[in-house]
Amino acid sequence: MTLPHHVIGIDIAKHHLDLYDAASGQTWRIANEAWAIAELVATLGPQHLVVFEASGAYDAALRQALAGAAIAHARVNPARARAFAQALGQSAKTDALDARLLAAMGACLPLRREPDPDTARERLTRLHRRRDALVEMRAAEQTRRADALDPETVESLNAHIAWLSAAIAELESAIRAHLDAHPSLREAVHLLASAPGVGPVTAGIAVALLPELGRLSPKKIAALVGLAPFNRDSGRAQGERRIEAGRRRVRRALYMAAVSAARSHLKPFYQRLRRAGKAPKLAFVVTARKLLTILNAMMRTQTPFRA
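What you see is a predicted model; the values in this text were computed from it and never measured.

## Topic: the overall build of the protein chain
Part 1 of the reasoning: Within the protein chain one finds 12 helices and 7 strands.
Part 2 of the reasoning: The principal-axis extent of the C-alpha atoms belonging to the protein chain is close to 60 × 60 × 45 Å.
Part 3 of the reasoning: Within the span of the protein chain, comprising 307 residues, buried residues form 40% of the whole.
Part 4 of the reasoning: The contacts in the protein chain between residues at least 6 apart in sequence include a share of 59% that link residues at least 24 apart.
Part 5 of the reasoning: Approximately 17,100 Å² of the protein chain is accessible, and the part contributed by carbon and sulfur atoms is 54%.
Part 6 of the reasoning: Measuring between centres, the 44 positive side-chain charges of the protein chain sit 12 Å from its 28 negative side-chain charges.

What follows is the structure, encoded as C-alpha cells:
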C-alpha cells in the first residue's frame, strides 16, 4: 500500500479547528465555519490526506467540504487516537498537540478512508439517536414513579412520561416518513426486518449506524460491532475471551434481537450453546453474532430471510 506524502492533522472543537501540516511543520487555527473550511479545502489537492477525530456534529461541515472536493480524509475513533498517543509516550494534551498526533497517525498507519457523506442515512441516525435518548429518559422516569410516595410527585412523573411517550411517537412517525422518502433505506430496513427477532427499530438502527453491513466479511463486521471475542493469552496461560469496543448501540439492539431469535429460528443454535456449558448471557452474545452474520449475508445478497 502507498502511504500519502502530505498529511494534515486537524483537531476539531465546536468553534475552531487546529491544523498541523506534517510536510511544513506549520500549525494554525481556523474557525469551524463553512466559509473558513471552504477556504482551507480550496488549498488542498489530491496529494493530501486529512486526518481528524470523529466528533459528531462538530466535524460535519469539514467532512462535507472534503467529500465535495474529493479530498481523501480519515475519521479516526478517539479511543484509537488516545491509544496511539500512549504508544508514543505522549502524555501532554493540547489542541495543537492533538492535531500533530493525528497527522502522525496518517503518516504511520494505513487508515481507512472515509466514504462520502450520506445525508439521508445521517438524518436517519440522528432521528434514531434522539429516539433512544427519549426512551432512556422515559425508562428512568418510570423507575422513579415506582418509588414515588407523594401524589404531587407521581402526577409530575405521569405528565412527563406522557409527554415523552408522545415525543417518541412523533419521532417514530418522522422515521417512517423519512424511510418512505428514501426507498433505498426503506428497502434495507424491510429486508433486515424479514429475519425473525429483528423488528423495525433494530433494523432501522442497523441501517442507520452500520452502513458497512453487507460489505465486510463476517469476522470484520463482528469486530466492528464489538461481537468478536479477543484472545487474552500469555505464555501457557489462556485468559477469558472478551468482546470489547465496537458500536455499542448496534450491539445492544442485536443482543435484544438475539434474545427473541433464541426462541424461534435460532433456538436450536442457542440450545446447543447452553448444552455445551455456555452461560445464558454468553450464549445470547454468541447468538447475536450468529444473527449479525445472517443479516450481513442478507444485505450482501439482497435476499430476504429464509428459514
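There is more to say after this.
## Overview of the confidence of the model for the protein chain
Part 1 of the reasoning: For the protein chain, per-residue confidence averages 88 on the pLDDT scale, and 93% of positions sit at 70 or higher.
Part 2 of the reasoning: Model confidence for the protein chain, summarised as mean pLDDT per element, is weakest for strand E6 (residues 233–234) at 42 and strongest for helix H6 (residues 151–181) at 96.
Part 3 of the reasoning: Low pLDDT, under 50, characterises residues 230–240; the stretch is placed with 12 contacts to residues that sit more than four places away or in other chains.

## Topic: the packing of helix H5 (residues 119–147) against helix H8 (residues 200–209)
Part 1 of the reasoning: Look at H5 against H8: their axes get within 8 Å of each other, and the N-to-C directions meet at 130°. One element, H5, and the other, H8, form an angle in the oblique class. You can see that H5 and H8 cross each other, and the crossing is left-handed. Judged by residue contacts, Arg121, Leu124, Thr125, His128, Arg129 and Arg131 of H5 engage Val201, Gly204, Ile205, Val207, Ala208 and Leu209 from H8.
Part 2 of the reasoning: Residues belonging to the contact of H5 with H8 are distributed by class as follows: 6 nonpolar, 3 polar and 3 charged.

## Structural notes on the environment of alanine 42
Part 1 of the reasoning: Tracing the chain through its elements places alanine 42 in helix H1 (residues 34–42).
Part 2 of the reasoning: The spatial distance from the C-alpha of alanine 42 to the C-alpha of proline 304 is 45 Å, given a sequence separation of 262 residues.

## Comments concerning the pattern of salt bridges
Part 1 of the reasoning: Within this structure, the stated rule accounts for 13 salt bridges.
Part 2 of the reasoning: Between aspartate 118 and arginine 121 there is a salt bridge, with its nearest N and O atoms 3.6 Å apart.
Part 3 of the reasoning: For arginine 121, a relative accessible area of 17% corresponds to the buried category.
Part 4 of the reasoning: The structure contains a network of salt bridges with shared partners spanning Asp59, Arg63, Arg75 and Glu122.

## Quick look at the sheet that holds strand E2 (residues 16–21)
Part 1 of the reasoning: Spatially, E3-E2-E1-E4-E5 is the arrangement adopted by the 5 strands of the open sheet, whose pairing is mixed. Of all strands in the sheet, those with a lone pairing partner are strand E3 (26–31) and strand E5 (72–76), marking the two edges. In this sheet, neighbouring strand axes are inclined to one another by 20° on average, regardless of whether the strands run parallel or antiparallel.
Part 2 of the reasoning: Bridge analysis of strand E4 (residues 48–53) against E5 gives 5 bridges, and the strand direction is parallel. Among the inter-strand pairings, glutamate 53 is bridged to a residue of E5, identified as valine 76.

## Some points on the nonpolar core
Part 1 of the reasoning: Within the largest apolar cluster, 53 residues are counted, with the highest numbers of intra-cluster contacts made by Leu192, Leu213, Leu254, Leu292 and Leu295.
Part 2 of the reasoning: For this core, the leading source of residues is helix H12 (residues 280–301), giving 10 residues.
Part 3 of the reasoning: With residues near it in sequence (within four places) discarded, leucine 192 still touches Val198, Ala203, Ala206, Val207, Leu213, Leu295, Met298 and Met299.
Part 4 of the reasoning: Core analysis: the second largest hydrophobic core is formed by 16 residues, Leu40, Val50, Phe52 and Leu66 among them.

## Overview of the packing of aromatic side chains
Part 1 of the reasoning: This structure, assessed with the given rule, holds 2 aromatic pairs.
Part 2 of the reasoning: Measuring from ring centre to ring centre gives 4.6 Å for tyrosine 270 and phenylalanine 284, while their planes differ by 15°; the resulting arrangement is stacked. Of this pair, tyrosine 270 sits in helix H11 (residues 267–275) while phenylalanine 284 sits in helix H12, and the two are 14 residues apart along the sequence.
Part 3 of the reasoning: What makes tyrosine 270 buried here is its relative accessible area of 14%.
Part 4 of the reasoning: Residue class for phenylalanine 284 comes out buried when judged on its relative accessible area of 16%.

## Considering the packing of helix H7 (residues 183–193) against H12
Part 1 of the reasoning: H12 packs onto H7 with a crossing angle of 135° between their chain directions and a minimal axis gap of 10 Å. The pairing of H7 with H12 is recorded here as oblique in orientation. The interaxial crossing formed by H7 with H12 has right-handed handedness. Where H7 approaches H12, its residues Ala188, Leu191 and Leu192 are matched on the opposing element by Leu295, Met298 and Met299.
Part 2 of the reasoning: Considering only residue class, the contact of H7 with H12 consists of 6 nonpolar, no polar and no charged.

## Observations regarding H7
Part 1 of the reasoning: Buried within H7 are the following residues: Leu185, Ala188, Val189, Leu191 and Leu192. Mapping the buried residues of H7 onto a view down its axis gives an arc of 160°, with all of them on the same face.
Part 2 of the reasoning: Those residues of H7 that are buried lie in contact with H5, H6, H8 and H12.

Thresholds applied
- Residues numbered from 1 in each chain as written.
- Predicted model: local features only at pLDDT ≥ 70, side-chain atom pairs only at ≥ 80, totals over all residues.
- Heavy atoms only, no water.
- Helix = DSSP H or I, 4+ residues; strand = E, 2+ residues; numbered from the N terminus.
- Buried < 20%, exposed > 50% of the residue type's maximum accessible area, 1.4 Å probe, protein only.
- Contact = heavy atoms within 4.5 Å.
- Areas by Shrake-Rupley, 256 points an atom, 1.4 Å probe, with all protein chains shown as cover.
- Lys, Arg positive; Asp, Glu negative; His and termini not counted.
- Charge placed at Lys NZ, Arg CZ, Asp CG, Glu CD.
- pLDDT = per-residue confidence, 0-100.
- Axes fitted to C-alpha atoms, helices over the stretch in contact; angles between N-to-C directions.
- Parallel < 35°, antiparallel > 145°, perpendicular 65-115°, else oblique.
- Left-handed = near helix turned anticlockwise from the far one by under 90°.
- Nonpolar A, V, L, I, M, F, W, Y, C, P; charged D, E, K, R; others polar.
- Salt bridge = Lys/Arg side-chain N within 4 Å of Asp/Glu carboxyl O.
- Pairing = 2+ DSSP bridges.
- Core = buried A, V, L, I, M, F, W, Y, C linked by side-chain atoms within 4.5 Å.
- Phe/Tyr/Trp six-rings, centres within 6.5 Å; stacked < 30°, edge-to-face > 60°.
- Arc of directions from axis to C-beta.

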